Amino acid sequence: MNKLALAAIGIFGLVGVAAAGMGHHGMGQHGGMKHDMMFGEKLHQQLNLAAAQETQWQALKAQHDAMRKQMHESHLQTQAAIKAELDKPQPDLNAVNSLMEAAQDKSIAARKAFHKDALSFYTSLPQDRQAIVVGEIKGMMGKMQGMREKMHGMHGKMPAPQ
């Protein structure tokens, strides 16, 4: 597997983790990073895709959007089920754990299937177009590192629990 494929695997994983950690809204306007950056118009225009590639891009984007919608709906269902269990007089924490693990497993399976298709598409692009994708990945990683540093800085400023 070449370095681009490994980088793409990493970024799709990072995007998934970041999106999951930020909730279904991503950061959008508030933090400058969007959860759908890999399918954003900026990257799309830069890639200058041929007709067949454009068809693949649109199908992959639709798959991505459907996956995100399904994951969001699943997240809401899981939250409701956990809340219902915790609202019981004697909540079963094993049941809560099972609900969370099942949701996580379902999410991981969906992302893995999508990542396989996305990697197939990105690695099929010519080297110059792959370089554009790598540049976007590096930019996103830099933004994520900045967010981490900002969050760690905020953590250090929080008052200690009493």
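Quick look at the structure, then. Each chain has its residues counted from 1, following the order in which its sequence is written. Local features are withheld for residues below a pLDDT of 70 in this predicted model, meaning they are given only at 70 or higher, and side-chain atom pairs are given and counted only at 80 or more; totals for whole chains, interfaces and linings count all residues. As a rule here, side-chain values come from all non-hydrogen atoms in the structure, and water together with hydrogens is ignored.

### Some words on the nonpolar core
Stated precisely, the cut-off is as follows: Side-chain atoms within 4.5 Å link the members of a nonpolar core, which is a set of buried Ala, Val, Leu, Ile, Met, Phe, Trp, Tyr and Cys residues. Three labels apply to residues, based on accessible area from a 1.4 Å probe with only protein chains included: buried if under 20% of the type maximum, exposed if over 50%, partly exposed otherwise in between. Numbering of helices and strands runs from the N terminus, with a helix taken as a DSSP run of H or I at least four residues long and a strand as a DSSP run of E at least two residues long. Two residues qualify as a contact provided that any one of their heavy atoms is within 4.5 Å of a heavy atom in the partner residue.
Leu47, Trp57, Tyr122 and Val133 are the most contacted members of the largest nonpolar core, which has 15 residues in total. Breaking this core down by element, the ones donating at least two residues are α3 (41-47), α4 (51-86), α5 (93-124) and α6 (127-157). At four residues, α5 tops the list of elements feeding residues into this core. Those residues within four positions of Trp57 in sequence are excluded, and the remaining contacts are Met38, Phe39, Gly40, Leu43, His44, Leu47, Leu49, Phe121 and Tyr122.

### A short note on α4
Heads up, the condition is: Expected span, for any helix, means 1.5 Å times one less than how many residues it has.
For α4, which comprises 36 residues, the first-to-last C-alpha distance of 52 Å matches the rise-based estimate of 52 Å (1.5 Å per residue) to within 8%. Taken residue by residue, α4 has Gln53, Trp57, Leu60, His64, Met67, Arg68, Ser74, Thr78, Ile82 and Glu85 as its buried positions.

### Some thoughts on the packing of aromatic side chains
Two aromatic rings are characterised by how far apart their centres lie and by the angle between their planes. Put simply, the rule is: Between the rings of Phe, Tyr and Trp (Trp by its six-membered ring), a pair exists once the centres lie within 6.5 Å; its type follows the angle of the planes, with under 30 degrees stacked, over 60 edge-to-face, and the other angles tilted.
A full pass over the atoms with the stated rule returns two aromatic pairs. For the pair Phe121 and Tyr122, a centre-to-centre distance of 5.2 Å together with 70° between the ring planes defines the contact as edge-to-face. As far as burial versus exposure is concerned, Phe121 and Tyr122 are alike and both buried. Ring pairing ties together the aromatic residues Trp57, Phe121 and Tyr122, which thus form one cluster.

### What to know about the packing of α4 against α5
Stated precisely, the cut-off is as follows: Inter-axis angles, ranging from 0 to 180 degrees, are taken between N-to-C directions of lines fitted to C-alpha atoms, where helices are fitted over the stretch in contact. By the definition adopted for this analysis, an angle is roughly parallel if under 35 degrees, roughly antiparallel if over 145, roughly perpendicular if from 65 to 115, and oblique otherwise. Three categories are distinguished: nonpolar for Ala, Val, Leu, Ile, Met, Phe, Trp, Tyr, Cys and Pro, charged for Asp, Glu, Lys and Arg, and polar for the others, with Gly belonging to the last.
Across the interface, α4 lies against α5 with an axial gap of 10 Å and an inter-helix angle of 175°. Viewed along their axes, α4 and α5 adopt a mutual orientation that is roughly antiparallel. Here the contact of α4 with α5 is composed, by residue class, of 19 nonpolar, nine polar and four charged.

### Quick look at unusual backbone geometry
At Asn48, a residue that is not glycine, the phi angle is positive and equals roughly 45°. Positionally, Asn48 belongs in the loop between α3 and α4. Its relative accessible area of 56% is what places Asn48 among the exposed residues.

### Observations concerning the environment of Ser124
The condition is simple: Nitrogen and oxygen atoms within 3.5 Å of one another constitute a polar contact, given that in protein one can donate a hydrogen and the other can accept it, and given that sequence-neighbouring residues count only through two side-chain atoms.
Position of Ser124 relative to the elements: it lies in helix α5. Taking relative accessible area as the criterion, Ser124 reaches 43% and is therefore assigned partly exposed. Separated by 71 residues in sequence, Ser124 and Gln53 have C-alpha atoms that sit 9.0 Å apart. Discounting residues that sit within four places of it in the chain, Ser124 has contacts with Gln56 and Gln130. A polar atom in the side chain of Ser124 sits 2.6 Å from the backbone oxygen of Phe121.

### Concerning α5
An α-helical turn contains 3.6 residues, so any two residues separated by three or four positions project in the same direction. For α5, built from 32 residues, the straight-helix expectation of 46 Å at 1.5 Å per residue is met to within 8% by its first-to-last C-alpha distance of 46 Å. Along α5, the residues that are buried comprise Val96, Ser107, Arg111, Phe114, His115, Ala118, Leu119, Phe121 and Tyr122. A side-chain oxygen of the first residue of α5 lies 2.9 Å from the backbone nitrogen of Asn94; this N-cap is Asp92.

### Notes on the pattern of salt bridges
Quick note on the threshold: Counted as salt bridges are all cases of a side-chain nitrogen of Lys or Arg within 4 Å of a carboxyl oxygen of Asp or Glu.
Under the defined criterion, the tally for this structure stands at five salt bridges. With its nearest N and O atoms 3.6 Å apart, the salt bridge here joins Lys42 to Glu136. Here Lys42 is found in helix α3, whereas its partner Glu136 is found in helix α6, with 94 residues between them in sequence. Ionic pairing is found between Lys88 and Glu85, a salt bridge with its closest N-O pair at 2.8 Å.

### A word on the side chain of His64
Its location among the elements puts His64 in helix α4. Among the polar contacts listed, one links the side chain of His64 to the side chain of Asp65, at a separation of 3.4 Å.

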